[in-house]
Amino acid sequence: MQQIPLEHILLLSAVLFSLGILAVITKRHAVVVLMGIELIFNAANLNLVAFSRHDPQLLQGQMFSLFVIVVAAAEAAVALAIVLRVYQHFKTANLSEIVSEENK
Amino acid sequence: MLFYIFALLAIVSGAYMVLTRNLLYAGFSLLITLLSIAGIYVLLFADFIAVTQLMVYVGGVLVLILFGIMLSSRVHDKSVMSENVNTVWGTLVAGLIVVGLSYSILKANINSLPWLQTTEIDVLGNQKSTVQTIGIKLMTDFVLPFEIASLLLLIALMGAAYIATDKQKV
Amino acid sequence: MELTELLKPLAGTPQTATALVVLLLPLLAFFVLFCFGKRLPRRGDWLAIGISAITFALSVYLFTQTWNTATYHTRTVWFSLPSTIVSDFTAGILLDNLTVLMLVLVTFISTLVQSFSVGYMHGDSGYHRYFAYLGLFTCSMLGIVLVDNLLLLFVFWELVGFSSYLLIGFWFHKPAAVAANKKAFLVNRVGDIGLLLGLFSFYTYFRTFDLEALRALINAGNWINSNFILSYTLNGELWQLELSTVLLTLAGLGLFMGCVGKSAQFPLQIWLPDAMQGPTPVSSLIHAATMVAAGVYLLARCYAFFTPDALTAIAIVGAITALVGALAALNQYDIKAVLAFSTISQLGYMVMGMGTGAYDASLFHLTTHAFFKAALFLNAGIIIHAMHRGLHHAHLENIDPQDIRNMGGLRKTMPVTFYSYLLATAALAGIPLTSGFLSKDAILSVAWAWAQTMSSNGNLFYFIVPVTGFLVVVLTAYYMARHMWFIFFGSFRAPFDVQQIRLSTKQETETVMLLPVDILAILSLGIFFSINPLSFSGSWVIAGIGLENLSLKLLAEDLVQSIRLQDDANHLPHILIGVGSALLATIGIAIALIKYNRKTSEQLVNEQPDSTFARLSYNHFYLDTFFQTTFVKPALWTATTLYRVDKRIIDYTLNYGSKWLVVLSKVVSWFDRLVVDGLVWLVGALSKVFGILGRNLQNGKVQSYYAYSLFGFILIILYIVLF
């Protein structure tokens, strides 16, 4: 089976990373921002997994990516809970419209 | 060859997620991206990770996100839209990041790293899967992080439940 | 001698207070009439005449208090300058024989003229204004007479000029009147310049304007080697003067210049004939007692300040004036012009008398002349008034009521006027028993003595002056006889009934006009001035105002003394001169009668100045033309040229320069706007851009901050990578 060049995986992860960044910066809806964050996590995981290919005995990369996935899941849960609270409070999930009571 | 198809799929659907203004489309395109990445994990001999990806992300996080979308929108007969802000800055920064990363990746000459040279590529070896290795690792070398991760998950679960609860005045 | 001692204030006396009242009452009349005259009953003429009568009464009271008994002098510090080399400026009232004589004269004539004007000016639109001006005029003249220093005298002198300007131009709708008052005013200014220079030169050396102090200073000085040596102290500082004859002569001639202007002396007499454009009573007042008398009065007041040379010049100018005036009067046809030129001539007499040392005789002539000339002018006024009435009845507008060629035969129509006119004419011509005979005789006698004294070194040219005087006697008699013949004899020559000029069949004219004339005419008789009406030596006027009363030395003391000695020695010449002048007057009258007796009415009415001499005389020797071409036209030409130079060259240059300036300023403003303002704008715009940038960075959005921080992170990475 042909080896996938490491550079190509790294490039893919770079592109996904920057797409995640773009989503985080440009999107107004909090949930989409969360999606962007998930994309960034995945890009990072991709790198870890790619390098762990060269570490068959220890598989440190894969282990790390496992924990990353766990933390990401926890983060997503908490973040969505926060989004829901925010929505309940402000009647919107639009980040631009969320302003404190004094500045309204 | 399969890798490039998955890579293209991931990039296109990721880009679509960023570009579309419809939240549901964005969620589903993220689903495709995550699936593609799972496929790439498989190609990278990380079957356990790929499965975890599928279960946690596609089965958990994404469902959470879809629920979040539905719960945080008051629209009934119309698509949920999200407008863009900071397009210039965002594009600039993202573009710079991708250019910078690509430049460094291409310039780094990763293949000449000594430990990549010396280590063998055959991950699986005689085994069919990495599950056994990972299981041993988790119970031996990574037992403390494993326990801490479980504690973290518990705390996150309680915290999320607590935060999301509608706190009625009792 | 301490000058401040001479100038110390003198306490007031009832007499000087009265004099002040006399001075201010006409002024009060002026203000009241000028402001409220229109609303007063009868337009205020009773007020003016009443005030005049009161001032006359007060003057008579002052006369009785002062004449030959005492001299009253009140002085107060007017203002002082903070300097030790300048003495205090004083103001005061001086009452002596000369003052009270003039006072009575002025107020008397003024009162009579004002009551005459009630008839003459009846119905005039400016009736109250007229009386107001008369009040101002009288006030100014009284001021000249009363004040005790030259500066105040000059002030009132100018006031006389100004009020005469108002009166001559009283009918300001007549262009001739406006031209005449302008001319009188300007010609007087020429003389006033001289007067002012004279005042300044005396003040420069003697440090005071006060007449008494000046006389005292002159008295203290001495002639040494034809230099006048004088020393006095002022505030303790010693002043030593050594003045040359030339300087003092010039200063005296400066004072005389004022007299030349005001008293119509050659060559400035040209304003007086024109001054008859004013109402006739005004002419009477100007010619008799007030304005022209002011010049002679000034000579008398300042008599101590004239050197012998100055007196000689004064005598010659007086003689020339007397001759020129008389010659010009020979061929005049305007009733007032004849009288005006005769005034010039008689003023020439007075000035000649002053110049020849006949100080008292000159003032005597001034007094007598005031009466008979006032009478003549008022009479002329009556005649003009009557002619107007006749012309008005006959609806004839193109006939000149003042032209004596249109009169004639009025002797029977207006007998009272005729006799008063005759009396005044006799006085003017110098017929014995009249006042004019006495005063003229006195002047001629002293002039003869002066000529004898001056020609003691063998130079007989000085006799020209008294001979001119005698010649003028003949001429005066001639032109007055001609004048009388034209008006009162023969037949009436205007084309309407002579009876129409009478007021009514019973009355020839208004009593209010007739009465003053008769009083004045009767006062022309010699008996009122001298016990012996054939000899002036017994005259109370001469006795009262003689130089010996001054008891102070003159600059020309030696000359005046020797003339007096010579005069006292001239017993036979006195008689000869008296008889001679009477004879000469008779000759003049005879010539006139012989010449005009044979002429028919047609010849008289059509008479024109035919011969060269007659034309010269008629046109006043073309003096007006001469002045017009020599002074007025060059002055106008210079003014026009300067105007053109101003307009064409200076204005053009200025315009051109200003245009360049505009261009330059445009360039500068362009530079300002684009470069200077641009730089400032750039600084502002830059800070604005930075401000906008900074404000946009701080937009309070978490995503933006995230983007910026990432950007910064990239920059740091770049820095690390590249350097």
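These numbers come from a predicted model, not from an experiment.

## Quick notes on the overall build of chain A
Phase 1 of the analysis: The number of helices and strands found in chain A is three helices and zero strands.
Phase 2 of the analysis: Along chain A, helices (α) and strands (β) appear in the sequence α-α-α when read from the amino end.
Phase 3 of the analysis: The proportion of buried residues among the 104 residues of chain A is 58%.
Phase 4 of the analysis: Within chain A, counting contacts between residues at least 6 apart in sequence, those at least 24 apart form 46% of the total.

## Quick word on the overall build of chain C
Phase 1 of the analysis: The number of helices and strands found in chain C is 27 helices and five strands.
Phase 2 of the analysis: For chain C, the share of sequence-separated contacts (at least 6 apart) that also reach a separation of at least 24 residues comes to 82%.

## Overview of the packing of helix α1 (residues 6–26) of chain A against helix α27 (residues 702–722) of chain C
Phase 1 of the analysis: For the pair α1 of chain A and α27 of chain C, interaxial distance at closest approach is 8 Å and the crossing angle is 140°. The angle between α1 of chain A and α27 of chain C places the two elements in the oblique class. Contacts between α1 of chain A and α27 of chain C involve Ile21, Val24 and Ile25 of chain A from the former and Gln703, Tyr706, Ala707 and Leu710 of chain C from the latter.
Phase 2 of the analysis: For the contact of α1 of chain A with α27 of chain C, the per-class residue count stands at six nonpolar, one polar and no charged.

## Points about the interface of chain A and chain B
Phase 1 of the analysis: Each partner contributes to the interface: chain A provides 60 residues, whereas chain B provides 76 residues.
Phase 2 of the analysis: Top contributing element to the side of chain A that touches chain B by residue count: helix α3 (residues 60–90) of chain A, with 21 residues.
Phase 3 of the analysis: Taken together, the residues of the side of chain A that touches chain B sort by class into 42 nonpolar, eleven polar and seven charged.

## Observations regarding unusual backbone geometry
All names here are of chain C.
Phase 1 of the analysis: Cis geometry is found at the peptide bond from phenylalanine 266 to proline 267, where omega equals 5°.
Phase 2 of the analysis: Among the secondary structure elements, proline 267 is positioned in the loop between α9 (245–262) and α10 (271–274).
Phase 3 of the analysis: The backbone of alanine 264 shows a phi angle near 55°, a positive value even though the residue is not glycine.
Phase 4 of the analysis: For alanine 264, the location among the structural elements is in the loop between α9 and α10.
Phase 5 of the analysis: With 33 C-beta atoms packed within 10 Å, alanine 264 lands in the buried category.
Phase 6 of the analysis: The phi dihedral of leucine 433 falls on the positive side, at around 80°, and the residue is not glycine.
Phase 7 of the analysis: Locating leucine 433 in the fold gives a position in the loop between α17 (415–429) and α18 (435–454).
Phase 8 of the analysis: The class for leucine 433 is partly exposed, based on 14 C-beta atoms found within 10 Å.

## Describing the interface of chain C and chain A
Phase 1 of the analysis: Each partner contributes residues to the interface: chain C has six residues there, and chain A has five residues.
Phase 2 of the analysis: Here the residues of the side of chain C that touches chain A are counted per class, giving four nonpolar, one polar and one charged.

## Re the nonpolar core
Phase 1 of the analysis: If you look at the biggest cluster of nonpolar residues, it comprises 225 residues, and the most contacted ones within it are Ile109, Val296 and Ala374 of chain C.
Phase 2 of the analysis: One finds Val24 and Leu66 of chain A together with Ala10 and Val18 of chain B within the second-largest nonpolar core, a separate group that totals 77 residues.

## Observations regarding the confidence of the model for chain C
Residues and elements named next belong to chain C.
Phase 1 of the analysis: Here chain C averages 85 in pLDDT, while 99% of its residues score no lower than 70.
Phase 2 of the analysis: Here helix α24 (residues 601–605) stands out as the least confident element of chain C, with mean pLDDT 76; helix α13 (residues 308–329) is the most confident, with 90.
Phase 3 of the analysis: For this predicted complex, the interface score ipTM comes out at 0.86, while the overall pTM is 0.66.

## Remarks on the pairing of strand β5 (residues 237–244) of chain C
Residues and elements named next belong to chain C.
Phase 1 of the analysis: Little of β5 sits out of view: just zero of its eight residues are buried.
Phase 2 of the analysis: Here eight bridges tie strand β4 (residues 227–234) to β5, and the two strands are oriented antiparallel to one another. Paired with asparagine 227 across the two strands is serine 244, which belongs to β5.
Phase 3 of the analysis: The hairpin formed by β4 and β5 contains two residues between the paired strands, and asparagine 235 there has a positive phi angle of roughly 50°.

## Description of the confidence of the model for chain A
Phase 1 of the analysis: Per-chain confidence: chain A averages 84 in pLDDT, with 92% of residues scoring 70 or above.
Phase 2 of the analysis: The lowest-confidence element of chain A is α3 of chain A, averaging 88 in pLDDT; the highest-confidence one is α1 of chain A, averaging 90.

## Here we look at the packing of α17 of chain C against helix α20 (residues 511–522) of chain C
Residue and element names in this part refer to chain C.
Phase 1 of the analysis: One way to put it is that α17 packs onto α20 with a least axis distance of 9 Å and a crossing angle of 30°. What the angle tells us is that α17 and α20 run roughly parallel. Crossing angle aside, the handedness with which α17 passes α20 is left-handed. Along the contact surface, α17 presents Val416, Ser420, Leu423 and Ala424, while α20 presents Leu514, Val517, Asp518 and Ala521.
Phase 2 of the analysis: Looking at the contact of α17 with α20, its residues break down into six nonpolar, one polar and one charged.

## A short note on the environment of glycine 37 of chain C
Residue and element names in this part refer to chain C.
Phase 1 of the analysis: Note that glycine 37 resides in the loop between α2 (14–36) and α3 (45–66).
Phase 2 of the analysis: For glycine 37, a count of 24 C-beta atoms within 10 Å puts it in the buried group.
Phase 3 of the analysis: For glycine 37 and tyrosine 130, which are 93 residues apart along the polypeptide, the C-alpha to C-alpha distance reads 10.0 Å.
Phase 4 of the analysis: Ignoring any residue separated from it by four or fewer positions in sequence, one finds glycine 37 in contact with Arg43, Gly44, His128, Arg129, Phe131 and Ala132.

## Brief notes about the sheet that holds β5 of chain C
Strand-to-strand pairing in sheets goes through backbone hydrogen bonds, with the strands running parallel or antiparallel.
All names here are of chain C.
Phase 1 of the analysis: Taken in spatial order, the three strands line up as β3-β4-β5 in an open sheet, and their pairing is antiparallel. Each edge of the open sheet is held by one strand with a lone partner, namely β3 (222–224) and β5. Sheet twist, expressed as the average angle between the axes of neighbouring strands with direction ignored, equals 30°.
Phase 2 of the analysis: Bridging between β3 and β4 involves three bridges; their strand directions are antiparallel. In the sheet register, asparagine 222 faces β4, and the bridge partner there is isoleucine 229.
Phase 3 of the analysis: Its contacts with the sheet put α9 on β4 and β5, and the angle it makes with β5 is roughly 90°.

## Considerations on the environment of threonine 26 of chain A
Phase 1 of the analysis: Position of threonine 26 of chain A among the secondary structure elements: in helix α1.
Phase 2 of the analysis: By the C-beta count within 10 Å, which is 26 here, threonine 26 of chain A ends up buried.
Phase 3 of the analysis: Residues threonine 26 of chain A and glycine 36 of chain A lie ten residues apart in sequence; the distance between their C-alpha atoms is 10.0 Å.
Phase 4 of the analysis: Contact partners of threonine 26 of chain A, with chain neighbours within four places excluded, come to Asn84, Val85, Asn86, Thr87 and Gly90 of chain B.

## Side note on the environment of glycine 348 of chain C
Phase 1 of the analysis: Looking at the element boundaries, glycine 348 of chain C is found in helix α14 (residues 335–355).
Phase 2 of the analysis: As for glycine 348 of chain C and isoleucine 314 of chain C, which are separated by 34 residues in sequence, their C-alpha atoms are 9.6 Å apart.

## As for α9 of chain C
Phase 1 of the analysis: An ideal rise of 1.5 Å per residue puts 26 Å on 18 residues; α9 of chain C measures up with 26 Å between its terminal C-alpha atoms.
Phase 2 of the analysis: Downstream of α9 of chain C by one or two residues, alanine 264 of chain C has phi in the positive range, about 55°.

Quick notes on the rules
Residues numbered from 1 in each chain as written. Chains lettered and ligands numbered in written order. Predicted model: local features only at pLDDT ≥ 70, side-chain atom pairs only at ≥ 80, totals over all residues. Helix = DSSP H or I, 4+ residues; strand = E, 2+ residues; numbered from the N terminus. Buried ≥ 20, exposed ≤ 12 C-beta atoms within 10 Å, placed from the backbone. Contact = placed C-beta atoms within 7 Å. Axes fitted to C-alpha atoms, helices over the stretch in contact; angles between N-to-C directions. Parallel < 35°, antiparallel > 145°, perpendicular 65-115°, else oblique. Nonpolar A, V, L, I, M, F, W, Y, C, P; charged D, E, K, R; others polar. Core = buried A, V, L, I, M, F, W, Y, C linked by C-beta atoms within 7 Å. pLDDT = per-residue confidence, 0-100. Pairing = 2+ DSSP bridges. Left-handed = near helix turned anticlockwise from the far one by under 90°. Expected span 1.5 Å × (residues − 1).

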